[in-house]
Amino acid sequence: MNEDMALDNPVIAIDGFSSCGKSTVAKALAHKLGIRYIDSGAMYRAVTYYFLNNKIAFPAAGKHSDFNYEPILDKIHISFKISSENGLSEIYLNNVYVEKAIRSMEVSENVSHVSAIKQVRRRMVDLQKQMKQDGGLVMDGRDIGTTVFPEAELKIFMTADPEVRALRRFRELQSAGVEVTLEEVRNNINSRDYEDTHREESPLRKADDAIELDNTQLNFEEQVAFVIACLRKLSIVDKP
Ligand code: DC
């Protein structure tokens, strides 16, 4: 069921901290509106996966490097394809399906370091900006409302209590069969929050015109209803 859109090709930015459930809300929204969903975090994860697999060194947390990553980045091709099985957009790295592989703890533990590299960010931001040429989209990440699409029609900034996020993520990983402890998940979320908000290039922050959605106490339906109400208020979808 698609909502009737009052606006052609809207761009919706959903930013926020790690494991806030951004992608769940973003996917549902894209489905309701009949527009694409792009997981920008998956793009940084895919680059990190490539760096790890090819033993490419990268600076530790908070450290800088003058290394020229451009020739390496030239070899990385990232694309999304719609799955014929579930209709969801899935990520490919150099034409290889990596949607599941990029969710490993090893990638999670290194992605904030790799995504702090300026050359990596600039490549990804350029790629993300180009995606708008194909029509409306919902994109989630850390800097979508501030850097990628500052002109987005709707910006949501998601937050939730860190302990609640850790528990949700832990359960998610457990049911995916990933062997991990709650403590490891909690540490990973805390360090990514810190690094993502403190990096030099496009750090995670709430855009001035973003609407905050704290979902600590909200279930999935309540979160989607909140965003739909925002869309109606901003006349992005028709009122019922
Ligand atoms: O959304 P995620 O947790 O899968 O994102 C993984 C990491 O990628 C996140 O810790 C920081 C980085 N990221 C980013 O720097 N900018 C974005 N727009 C999206 C993700």
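Before any of the text, the structure's been laid out above.
Computed from a predicted model, the values in this text were never measured in an experiment. (Residues numbered from 1 in each chain as written. Predicted model: local features only at pLDDT ≥ 70, side-chain atom pairs only at ≥ 80, totals over all residues. Heavy atoms only, no water.)

1. A few points about the pairing of strand S3 (residues 78-82)
Then, number 1: Direction of pairing for S3 relative to strand S4 (residues 89-93): antiparallel, over a ladder of five bridges. When the sheet's bridge partners are listed, Ser79 is paired in S4 with Tyr92.
Then, number 2: From the end of S3 to the start of S4, which pair antiparallel, there are six residues, and Gly87 there has a positive phi angle of about 70 degrees. (Pairing = 2+ DSSP bridges. Helix = DSSP H or I, 4+ residues; strand = E, 2+ residues; numbered from the N terminus.)

2. Some points on the nonpolar core
Then, number 1: Val47, Phe51, Ile78, Ile91 and Val120 are the most contacted members of the largest nonpolar core, which has 34 residues in total.
Then, number 2: Considering each element in turn, this core owes the most residues, seven residues, to helix H2 (residues 40-53).
Then, number 3: Once residues within four sequence positions are removed from consideration, Ile91 is found in contact with Ala42, Met43, Ala46, Ile78, Ser79, Phe80, Val96, Tyr97, Val98, Glu99 and Ile102. (Core = buried A, V, L, I, M, F, W, Y, C linked by side-chain atoms within 4.5 Å. Buried < 20%, exposed > 50% of the residue type's maximum accessible area, 1.4 Å probe, protein only. Contact = heavy atoms within 4.5 Å.)

3. As for the sheet that holds strand S7 (residues 154-159)
Then, number 1: Spatial ordering of the open sheet is given by S2-S6-S1-S7-S8, a layout of five strands whose pairing is parallel. For this open sheet the edge positions go to strand S2 (36-39) and strand S8 (211-214), each flanked by a neighbour on one side alone. Taken pair by pair, the neighbouring strands of this sheet meet at an average axis angle of 20 degrees, ignoring direction.
Then, number 2: As paired elements, S2 and strand S6 (residues 137-141) share four bridges and run parallel to each other. If you follow Ile38 over to S6, its bridge partner there is Met139. (Axes fitted to C-alpha atoms, helices over the stretch in contact; angles between N-to-C directions.)

No statement about biological role is implied by the geometric values presented.
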